[in-house]
Amino acid sequence: MHKNSKIISLIIVLINLFLFTLTCNASNIVEINQLIENTITYDNKEVTIQGELIGEALERDKYAWVNINDTTNAIGIWVKQEDIKQVQYYGDYKHKGDIVKVTGTFYRACPEHGGDTDIHCTKIEIVQKGNLVKEKVSHNKVITAAVLILIAILTLLVYFKLTNRPSKKHGNIN
Amino acid sequence: MNNSRIKFLNCKIIFYYTGWVIIGIALLMFIPLLTSLVFREWNPVFDFLISIAITTILGFLLILLGGITRDNKSHVQWKHGFIIAALSWMLLTALSAIPYLLSRNTNSILDACFDVMSGFTTTGLVLTQDLDHISLGLNMWRHVLTFVGGQGMVVLALSFLVKETSGAYKIYVGEAKDIGLVPNVKGTARIIWKISMVYLLVGTLALWIDGILIGLKPVSAFFHGLFMFASSWSTGGFAPNSQNIMYYHSFSFEVITIIFFILGSLNFGLHYAIWQGKRKEIAKNIETQSFFITATVASTFAVIALSKIYPNSITVFRRVIYNVLSAHTTTGFSNVYARQFALEWGDFGILIMVIVMLIGGSACSTAGGFKGLRVGVIFKSIVSDVRKLLSSERNVKVYKYHHIKDYVLEDGVVRSSALIIVCYMLTFAIGTAIGTYYGYPMADSAFEAASVTGNVGLSIGITAKAMPAMMKVYYIIAMYLGRLEFLSVFALIGYFIGGVKKLCTKIQK
């Protein structure tokens, strides 16, 4: 019995430790809008952001620009190309991009990049893999489209029938 | 002819031409439809099919209702021209909002109409949500709207769809494009479109190549190039991604857009004159002189005031001068975050931006604002009045200004210029007042009001889905008034008030 309670206590301590670590990690993450609203405070400081990779990587020599959207805003990340080799998906209409956690130095007006507000990445990790978004078209939408196209064609036919009739001249509007 | 018969025919004329304009927009919807088909975006395909069908039905119904007009085109009067332009813009806004609404990227009909009006008027403010995930088809539609809106969509539709256009000049003026490049409006509209299409090819090619060089994939670079050109040339300010021009992180991309948005903000008459070899026109024209002076003065003051917040001259050029020129040409591309204007630029920086946004680009261009021509005319009239005061009464001198050709500076021209400027300032003042009423700071409210009134599209952070509905409505009205330069809208309002008054009198009898 005593042995069992010891094991239970150990498990509880471990769970608490795990949860505490998670909370600490989460609290380190800064929202992009928070960075933009406090550019001077965060300027030249190390920050961690988490968000979806969007668009595509813009490769420049050994580095690349990737853009991250965390739903509050989006920002450019200057990252080594080798660090983003693992990235599979960038978000667009057909894809949900990989969710990444980026740690790096935030610049309000980066002197190296013509005054960009950016983050120079020191560490990037994929938190969640992205995926292909399956598109579903509702039946209602298909039926509505079909009915409306039919009516449009009928209107067109009526127009051509009426306009092909000999026209009458009318008086001036003065 | 009795009164009721005249009114009946008036309505028919308006219905007939408005109907053709609507058919024009239905045809334009085939561009995003094809884009979505090619890229297998099935939901947008059906969204555009539904929109095309609704637009076609309404268009042909109006044409049928106005059927008699087919034989009476020569009777288009000034009032018809103004009303057709104003009414078409309202109907087209509602119809063009259907794909937005069906895509579920906008929260309400109001937000969808806001974005369409923003596109048509080449403003560039955005309420569409999740821009980074919208379909290529819808993105194409956004940029088609802003490109066509810049050149004048009513004129486009009528010049290409209606055979007989003897009354079209009145509609053309109604859409705030009153320059005659050649004697007939059809020819003028075609020249405007020819100029735009040549620039479209050159601009898209330049941005496409540069896009590949800065790391975009070839197909993606093509669409980014096309969209960014459409926005630059039409001084629109839309971009395919939520970060606007910041998405590209590229000096070369910014420089190319500067070239095309400055070109887009110049008068079509000036482009045509240069195409005909009259290069001296650039230096002689009152609008280019006015733009050069105001842009230089504003940029200089902005650089002096803001150089302390940017580390070196390149960053000052890219962040300060780029945004000042983008505001002055009423483009609205921005490479700083909206909130950075409020938090970093300070009141003086905001003031400079407000002034240049209100001045805007050239008349009969794709730009908004109260236009360099009017600023030039008012400035010249002040100078001439002072000179008259200082010279002998016996000394009668005629003052002139040069705008494609020499014009005498008459009181009527000065009065109409001043009247339009007063209307713009009133719209701006009301917009600022509404902003402050809803609790936004004065400087922020003024910035956003100037942006909507001048059809600019820069934001200081007020324009958002959570913005009060009343402000969204006012901003739509301000964009509409600013683009049509008031007269057409006043004519439409007057026409309706007149109709209601007559109806009331009839009922009382």
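S.K.: Looking at this model, I keep getting lost on the sheet that holds strand β1 (residues 46-60) of chain A. Mind explaining?
M.R.: Strands in a sheet are paired, the pairing made by backbone hydrogen bonds, and the direction either parallel or antiparallel. Residue and element names in this part refer to chain A. The five strands lie next to each other as β1-β2-β3-β6-β5, forming a closed barrel whose pairing is mixed. Geometrically, the sheet is characterised by an average inter-axis angle of 55 degrees between neighbouring strands, direction not taken into account. Two elements, β1 and strand β2 (residues 63-69), share six bridges in a ladder whose sense is antiparallel. Directly across from Glu59, in β2, lies its bridge partner Ala64.

S.K.: Got a minute to help me understand the confidence of the model for chain A in this structure?
M.R.: Parts of the prediction with low pLDDT should not have their coordinates interpreted in detail. For chain A, per-residue confidence averages 87 on the pLDDT scale, and 81% of positions sit at 70 or higher. Within the model, pLDDT remains below 50 along residues 20-26 of chain A, and this stretch shows one contact once partners closer than five positions in the same chain are excluded.

S.K.: Sorry, what's going on with the nonpolar core here?
M.R.: For soluble globular proteins, nonpolar side chains are generally found buried alongside one another. Ranked by size, the top nonpolar core spans 139 residues in total, and within it Trp141, Met353 and Phe447 of chain B carry the most contacts. Not counting the four nearest positions on each side in its chain, Met353 of chain B is found in contact with Asn323, Val324, Ala327, Phe341, Trp345, Phe447 and Leu458 of chain B. Counting residues in hydrophobic clusters, the runner-up holds 26 residues, among them Ile32, Ala64, Tyr90 and Phe106 of chain A.

S.K.: How should the environment of Leu125 of chain B be read in this particular structure?
M.R.: All names here are of chain B. With respect to the element layout, Leu125 can be found in the loop between α6 (109-120) and α7 (136-151). Taking relative accessible area as the criterion, Leu125 reaches 2% and is therefore assigned buried. Once the C-alpha coordinates of Leu125 and Gly137 are considered, the two residues, 12 residues apart in sequence, prove to be 19 Å apart. When neighbours within four sequence positions are excluded, Leu125 is seen to be in contact with Phe114, Asp115, Ser118, Phe238, Glu448, Val452, Gly457, Leu458, Ser459 and Thr463.

S.K.: Looking at this model, I keep getting lost on the pattern of salt bridges. Mind explaining?
M.R.: Two side chains that carry opposite charge are able to pair once their charged atoms sit near each other. Considering all chains together, one arrives at 10 salt bridges over all chains under this definition. For Glu37 of chain A, the salt bridge is made with Arg339 of chain B, and the minimal N-O distance between the two is 2.9 Å. One end of the pair, Glu37 of chain A, is in helix α2 (residues 32-37); the other, Arg339 of chain B, is in helix α17 (residues 338-359), on a second chain. For Glu37 of chain A, a relative accessible area of 34% corresponds to the partly exposed category. For Lys371 of chain B, the salt bridge is made with Glu485 of chain B, and the minimal N-O distance between the two is 2.6 Å. One end of the pair, Lys371 of chain B, is in the loop between α17 and α18 (372-390); the other, Glu485 of chain B, is in the loop between α21 (469-484) and α22 (487-508), with 114 residues separating them in the sequence. Each member of the pair, Lys371 of chain B together with Glu485 of chain B, is buried. Each of Glu37 of chain A together with Arg339 and Asp444 of chain B takes part in a single network of salt bridges with overlapping partners.

S.K.: Would you mind showing me how to read the domain arrangement of chain B here?
M.R.: Accessible area lost upon the coming together of the parts serves often as the stated size of an interface. Residue and element names in this part refer to chain B. For chain B, the assigned domains read domain 1 (3-264) and domain 2 (279-422 + 453-459). Across the contact, 31 residues belong to domain 1 and 26 residues belong to domain 2. Counting each side, the surface lost to burial between domain 1 and domain 2 is near 2300 Å², with a carbon and sulfur contribution of 65%. Counting across the domain 1 and domain 2 interface gives one salt bridge. The partner of Glu254 in a salt bridge is Arg318, and the shortest N-O contact between them spans 2.8 Å. For the pair domain 1 and domain 2, the interface holds 11 residue pairs in polar contact (both at pLDDT 80 or more). Elements with a minimum of two residues in the side of domain 1 that touches domain 2: α7, α11 (218-233) and α12 (251-264). Considering every element that reaches the side of domain 1 that touches domain 2, the biggest residue donor is α12, with seven residues.

S.K.: I'm lost on unusual backbone geometry in this one. Help?
M.R.: Glycine aside, negative phi is the norm for most residues, and most peptide bonds take the trans geometry. Phi at Asp61 of chain A is positive, roughly 55 degrees, even though this residue is not glycine. On the secondary structure map, Asp61 of chain A appears in the loop between β1 and β2. A relative accessible area of 76% places Asp61 of chain A in the exposed class. Positioned with a positive phi, Arg104 of chain B is a non-glycine residue whose angle comes to about 65 degrees. Inspection of the secondary structure assignment puts Arg104 of chain B in the loop between α5 (98-103) and α6. Relative accessible area serves as the criterion here: at 75%, Arg104 of chain B is assigned to the exposed category.

Calculation criteria
- Residues numbered from 1 in each chain as written.
- Chains lettered and ligands numbered in written order.
- Predicted model: local features only at pLDDT ≥ 70, side-chain atom pairs only at ≥ 80, totals over all residues.
- Heavy atoms only, no water.
- Pairing = 2+ DSSP bridges.
- Helix = DSSP H or I, 4+ residues; strand = E, 2+ residues; numbered from the N terminus.
- Axes fitted to C-alpha atoms, helices over the stretch in contact; angles between N-to-C directions.
- pLDDT = per-residue confidence, 0-100.
- Contact = heavy atoms within 4.5 Å.
- Core = buried A, V, L, I, M, F, W, Y, C linked by side-chain atoms within 4.5 Å.
- Buried < 20%, exposed > 50% of the residue type's maximum accessible area, 1.4 Å probe, protein only.
- Salt bridge = Lys/Arg side-chain N within 4 Å of Asp/Glu carboxyl O.
- Domains from an automatic or database assignment.
- Buried area = accessible area lost by both parts, 1.4 Å probe.
- Polar contact = N/O pair within 3.5 Å; in protein donor to acceptor, adjacent residues only side chain to side chain.

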